[in-house]
Amino acid sequence: MPADLTHDTSPDGSGTAPTADTDPPAEAVTPLLRGIAVLHHLTGARDGTLSLSGLEKATGLARSTVDRVTATLARMSYVRLDGRDVTLAPRLTELGNAYLAALRLPALLSARADALADELDESVSLAVADGDGIRFIHQATRRRAMSLSFRIGDLLPAERTAPGPLFATEWTDADWNHWHTRRAADPHHHTFPAVPPAEHPAPDSDFTHRTAMAATAGWSLDDQLIEPGLVAVSVPVRDPRTGAPACVASIVSHTSRHTADDLRATLLPRLREAVRSMEHTLRTTPPPRPTPPPADLATWTGASKQELGRDFVESLARGLTVLTAFDENRPSLTLTEVAKATGLSRATARRALITHEHAGLVRRRTADHTFTLTPRVLSLGFPPLSRTSLPQIAQPHLTTLADRVHESIALAVLSDSGEEIQYTARASTGRVLSAHIAIGTRLPAHATALGRVLLPEPPAAGYALVDEELEAGLRSLAVPVHDREGHVVAALNVAMHAARRTPEACVTDILPPLRETAARIEADLSTAGRFRPVPLT
Ligand code: PHB
């Protein structure tokens, strides 16, 4: 039985600009639209960070509104407030995760894409159609400095890519008209921040010609359409039920290794073979078994205003939570199901869905009265967050713990040899006498508390306490940090001067907050690592 790929890859004519260009319907939830606008602007900003006043300028919202929207997003752990700066936070990845899970393609196909990348030592990607653009849903990237590499969630104009013509073979006249209009309005691709501007825009006929070729050949090339040196060859992965491309698989290389023609001659057969096995997977995977949605995703609906704070905008929090009701077993939902999953009233859930539909994040299927997520959900923070490492994820948690216990905190991993630990993040306190170890420092694993929780036979109590570890009078308490699969991937410690506490007091006073911090890091790592490996250093 073929996998039920419930998503809809047809262009929706809603444009590629981050916000819809028509007026919102009367029922749209204004605070939700504002929250979405704030997240879009942060996603496009360098490092996913803007100042509050920068956000005020970018969104055109009043400062008090920006303050309330960002306070609400911070309370949801979707952003972090750092003085005057607002930064995207790992938890926000759960929105894009909901789309990728409901789509099912990454879970079903990414292992094959990764294997091809390893086999060829070239980058391999999977992309879906998003309006008249293409959006990446998986990247198996080789680390090469020569050309830019795209992130999961990045949107590219169809005409500058190899997958574009393959998707365009399915376009209707209305889709083509929409594309011509977009081209005329933005010939240099300024509305596509992921690509360098087109200095000499190609005539529209180039793309129509490439699309006609792709329709007969069943593959497509990108010969340096994005930047000099970057070449790609693509093949559609067809939906077994409709025959239309469910996604497109690409091999990406550089002219220093392969010309575009050489890619087609030498690597296209390998790509086709991989795509055949991907299509076999789609044909033979049973459709998802609907599971009852978890009750009460929107925990804030039950919490009191006092608990949540005066600045908490409930309609924004509820609205965003609607997106998390979708999952691998719930790729499409009716209004009733959304209301049940989120614990929201039908009226509230309906208005949130109408708002998301207007923002292009949700699509309504009239045939069966269900809603599905669109690839544009990935534009809510996913690209910058898909590049964060464990030290970056952990850093704010280390700082919070250092401020709380007034001691030095560090994160470390085991070196490749397995004999040393290497410090990867740290946070210190204002105390004059605090352990000061630079990131990158290596120490023998067996002699340190950090090392002991990382070694193959960890201490039975789940923590290690080592006296005089680095120097006389210094004591260290460490706990492990686990990934999604439960493997120990790092260790977290508090380094204390022995004179300040007895060993017993270290355990009773410090172990609970240390464990809480490890659990917070683990939760973020689990969310951030659902659809991509998170670098540990
Ligand atoms: C990529 O995966 O980075 C990629 C794919 C197709 C292109 C260009 C880049 O045409």
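Placed above this text is the structure.
Everything numeric here is computed off the predicted structure, so don't read it as measured data.

Peer 1: Honestly, the overall build of the protein in this entry has me stumped. Any pointers?
Peer 2: Looking only at helices and strands, the protein features 17 helices and 17 strands. In terms of overall dimensions, the protein is globule-like: its C-alpha atoms have a radius of gyration of 25 Å, near the 24 Å expected for 537 residues. Each principal axis of the C-alpha distribution contributes one length, and for the protein these read about 75 × 55 × 50 Å. Looking at the 537 residues of the protein, the share that counts as buried comes to 53%. Contacts spanning at least 24 positions in sequence make up 64% of the contacts within the protein whose residues lie at least 6 apart. Accessible surface, the protein as shown: approximately 23200 Å² in total, 51% of it carbon and sulfur. Of note, the protein has its 55 positive side-chain charges centred 3 Å away from the centre of its 62 negative side-chain charges.

Peer 1: What's the story with helix H12 (residues 335-342) in this structure? I'm lost.
Peer 2: At 3.6 residues per turn, the α-helix brings residues three or four places apart onto the same side. For H12, the complete set of buried residues consists of Leu-335, Val-338, Ala-339, Ala-341 and Thr-342. The buried side chains of H12 occupy one side of the element, clustering within an arc of 165° when seen end-on. Looking at the buried residues of H12, the elements they touch are helix H11 (314-323), helix H13 (346-358) and strand S11 (370-373). Just past H12, the residue Gly-343 takes up positive phi, approximately 75°.

Peer 1: Sorry if this is basic, but what is going on with the sheet that holds strand S14 (residues 442-444) here?
Peer 2: Strands in a sheet are paired, the pairing made by backbone hydrogen bonds, and the direction either parallel or antiparallel. If you walk across this open sheet you meet the 6 strands as S14-S13-S12-S17-S16-S15, and the pairing is antiparallel. At either margin of the open sheet sits one strand with a lone partner, and together these are S14 and strand S15 (464-467). Each neighbouring strand pair of the sheet contributes to a mean axis angle of 30°, computed without reference to strand direction. Summarising the sheet, S15 and strand S16 (residues 474-482) pair through 4 bridges and their orientation is antiparallel. Bridge pairing links Asp-467 to Arg-475 in S16.

Peer 1: In this structure, what is going on with the site of the ligand? I would like to understand it.
Peer 2: Taken together, Ser-125, Phe-136, Gln-139, Phe-150, Thr-161, Ala-162, Pro-163, Asp-222, Ile-226, Ala-232, Ser-250 and Val-252 make up the full set of residues near the ligand. For the ligand, the accessible surface in isolation is 280 Å², of which the surrounding protein chains cover 98%. Where the shell around the ligand is concerned, the elements lending two or more residues are strand S5 (133-140) and strand S9 (245-254). Partitioning the shell around the ligand into residue classes produces 7 nonpolar, 4 polar and 1 charged.

Peer 1: I'm lost on unusual backbone geometry in this one. Help?
Peer 2: The phi torsion at Ser-77 lies on the positive side, around 60°, for a residue other than glycine. Its place among the elements puts Ser-77 in the loop between helix H3 (63-75) and strand S2 (79-82). Phi is positive for His-406, which is not a glycine, with a value near 55°. Relative accessible area serves as the criterion here: at 43%, His-406 is assigned to the partly exposed category.

Peer 1: Just to check I follow, could you spell out the pairing of strand S4 (residues 123-130) for this structure?
Peer 2: Remember that side chains alternate between the two faces of the sheet whenever the strand is regular. Within S4, 8 of the 8 residues are buried, which leaves the element mostly enclosed by the surrounding structure. Side chains Ser-123, Ser-125, Ala-127 and Ala-129 of S4 all project onto a buried face; the interleaved residues Val-124, Leu-126, Val-128 and Asp-130 project onto the opposite face, where all are buried too. Direction of pairing for S4 relative to S5: antiparallel, over a ladder of 7 bridges. Paired with Ser-125 across the two strands is Gln-139, which belongs to S5. Taken together, S4 and the strand that follows it, S5, pair antiparallel across an intervening segment of 2 residues, in which Gly-131 is found at a positive phi of about 60°.

Cut-offs applied
- Residues numbered from 1 in each chain as written.
- Predicted model: local features only at pLDDT ≥ 70, side-chain atom pairs only at ≥ 80, totals over all residues.
- Heavy atoms only, no water.
- Helix = DSSP H or I, 4+ residues; strand = E, 2+ residues; numbered from the N terminus.
- Rg over C-alpha atoms; globule rule 2.2 N^0.38 Å.
- Buried < 20%, exposed > 50% of the residue type's maximum accessible area, 1.4 Å probe, protein only.
- Contact = heavy atoms within 4.5 Å.
- Areas by Shrake-Rupley, 256 points an atom, 1.4 Å probe, with all protein chains shown as cover.
- Lys, Arg positive; Asp, Glu negative; His and termini not counted.
- Charge placed at Lys NZ, Arg CZ, Asp CG, Glu CD.
- Arc of directions from axis to C-beta.
- Pairing = 2+ DSSP bridges.
- Axes fitted to C-alpha atoms, helices over the stretch in contact; angles between N-to-C directions.
- Near = heavy atom within 4 Å.
- Nonpolar A, V, L, I, M, F, W, Y, C, P; charged D, E, K, R; others polar.

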